[in-house]
Amino acid sequence: MHISTRESITTEPREIGLAAKPRSPAGDVARRFVRNRLALAGLFIVVMLTITAIAAPVIAPKDPAASTLGDTRARPSREYLLGADELGRDILSRIIYGSRVALLVAVLAVGAATLVGGGIGLIAGFAGGWIDEVLMRLMDILLAFPYLLLAIAIVSALGSGVEKTTIAVAIWAVPNFARVVRGQVLTLKERDYVLAARALGARTPRLLLVHITPNIIAPIIVFGSLYMANAILLEAALSFLGLGVQPPQASWGLMVASGRDFLRVDPHVTTFPGIAIMITVLGFNLLGDGLRDAMDPRLRNRF
Amino acid sequence: MLGVIFVTMLTTELIPGDPVALMLGENARPEQEAALRKHLGLDQPLPVRYARYVLNVATGDLGRSIQTNRPVLDEIRDVWPNTLVLAVAAMALAIVVGVTVGVISAVRPYGIIDSLARVLALIGLSMPIFWLGLVMLYVFAYYFRLFPVGGTGSWKHYILPAIALATPSIGILSRMTRSSLLDVMGEDFIRTARAKGLRGASIITRHALRNAMIPVMSVVGLQFGQLLGGAVLTETIFSWPGLGRLTVRGVFARDFVLVQGAVLTFAMAFVLINLLIDLSYAYIDPRIHYD
């Protein structure tokens, strides 16, 4: 990362006022990020979403589980800002609580995939030889299942619910993280500074933890952010099919599905949760794109 | 492929509901259960069953559906052309629209059209296709009554499912085409072509696009996986009698033989398509040879 950041600075127009001050690589990343309006929009969406999820009980106008039978599928009004669902529950409140499920599943799944997949990629890339061969063939097997079908197979085996959905999403993401990290490690381990450290007698654990890992954190953050978007979509899709998060929990995918039966007469039941999914996914995609461009523009073609 | 079969078996293996108990109902006697278990081969340990399944698959026998007692191969044979046609239609749409938009974007990078196209591409790939499908269903089938609500038949049945399925891929392909083309446009041979006095359009179509297509094609291969998976969702929404709906039906019926066969078919199709795409590189770039 050190080397690549410096190189990209020289290709950028320098601002006169800043030229005299010492510049840190982190400062450069932040500056490039702030200049990118779309990236800031993404950051804004993600921050708002996080606040919404944490403060759901404070923000939600109604109890997401309380159903008023007289108001079944009520149209949006002052009483129900986004209308009520098929059981007379406030859709806005359910969307607000649904952000908790979406974020929880995505954060846990992507976190687990980063640790497991990243670990596999680190070992495979650094060890090389037959270890690399065996590990990556295993990952190839998982990658041979088209998107969603691996998750469906896993969920059909484990059963549904929040934890099981998280596991399915994590397993789906593991091989992708392993490949990204392995690719990074393969280029890093031949770099002069790593070879120098090795020549000085650094052992494998030290090489991995001190010299290699810190330099793959940037691409991991970018990849993680883009995968948050995919993880949220996958959870929503599983829940939509009835294989993911189960009622009465408020999941956006589930809410879209529950409105399907009344689509002809009351499209608002389906529409609003879908918009919530779209804005959230868009936010993570914008953030990921922005981080990638800010950290290392040359990664653009790789993810 | 053997690994794929093993993972498929392993997952369906863990299904919590016991299919045997489910088939016989609550009042089954233990000896009935044991007999059925033996009939399904479930009394054997996993490695034995795995070996047997692999041998059966090699001879084209995927077992019988627990739910309908029809051979799984027949069930799949009935529906897979529907899924293939839908996926290919969506892929064609995604390639045509995605590459076109990407090229237009790359002609004037950072211009108004490019910015607009990039934002639209991002929105497209952020869209949950099951939701997009439902919205289109409401607007074009219920409200304007332009297209049928679901099922197969005329060409009109294809429009909505194909668009819903293709939308995320259009976004991804246009982004990929744009950035790949911009990379190529910076190369020396493009400058040479310009120096020869060639016009912009000719440079892009004859020189740049061909060289930019390799990374785009590899993404097309990966996108096919997305499309096959997405077919599960679009088929559910548009009552499309395909492999995706069959899989979902199998999952809900705890029909593990059917789910195994269907998931396996999906994985095989995906692997096969990527093989074809690898081979197509030699056509796009004559420097690549396969011996």
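Please refer to the structure higher up on the page.
Here goes a summary of the coordinates provided. (Residues numbered from 1 in each chain as written. Chains lettered and ligands numbered in written order. Predicted model: local features only at pLDDT ≥ 70, side-chain atom pairs only at ≥ 80, totals over all residues.)

## Let's talk about the environment of Met 136 of chain A
All names here are of chain A.
Right, so step 1: Structurally, Met 136 can be placed in helix α7 (residues 129–143).
Right, so step 2: Separated by 15 residues in sequence, Met 136 and Gly 121 place their C-alpha atoms 8.2 Å apart.
Right, so step 3: Non-local contacts of Met 136, meaning those with residues more than four positions away in its chain, are made with Ala 124 and Arg 182. (Helix = DSSP H or I, 4+ residues; strand = E, 2+ residues; numbered from the N terminus. Contact = placed C-beta atoms within 7 Å.)

## Re the environment of Val 194 of chain A
Residue and element names in this part refer to chain A.
Right, so step 1: Within the element layout of this structure, Val 194 appears in helix α10 (residues 192–199).
Right, so step 2: In this structure Val 194 comes out as partly exposed when scored by C-beta crowding, with 19 C-beta atoms within 10 Å.
Right, so step 3: Sequence spacing of Val 194 and Val 210 is 16 residues, and the spatial spacing of their C-alpha atoms is 9.9 Å.
Right, so step 4: Val 194 has contacts with Leu 188, Lys 189, Leu 207, His 211 and Ile 212, leaving out every residue within four places of it along the chain. (Buried ≥ 20, exposed ≤ 12 C-beta atoms within 10 Å, placed from the backbone.)

## Observations regarding the packing of helix α6 (residues 91–127) of chain A against α7 of chain A
All names here are of chain A.
Right, so step 1: Put simply, α6 and α7 touch, their axes get as near as 7 Å, and they point 145 degrees apart. Between α6 and α7 lies a crossing whose hand is left-handed. Residues Ile 120, Ile 123, Ala 124, Gly 125 and Ala 127 of α6 lie in contact with α7, whose contacting residues are Gly 129, Ile 131, Asp 132, Leu 135 and Met 136.
Right, so step 2: Broken down by class, the residue content of the contact of α6 with α7 amounts to seven nonpolar, two polar and one charged. (Axes fitted to C-alpha atoms, helices over the stretch in contact; angles between N-to-C directions. Left-handed = near helix turned anticlockwise from the far one by under 90°. Nonpolar A, V, L, I, M, F, W, Y, C, P; charged D, E, K, R; others polar.)

## Remarks on the interface of chain A and chain B
Right, so step 1: Between chain A and chain B, the contact holds 37 residues from the first and 42 residues from the second.
Right, so step 2: When residues of the side of chain A that touches chain B are traced back to their parent elements, those giving at least two are α8 (149–158), α11 (204–241) and α13 (268–295) of chain A.
Right, so step 3: If you tally residues by element for the side of chain A that touches chain B, the top one is α13 of chain A, at nine residues.
Right, so step 4: Partitioned by chemical class, the residues of the side of chain A that touches chain B number 27 nonpolar, seven polar and three charged.

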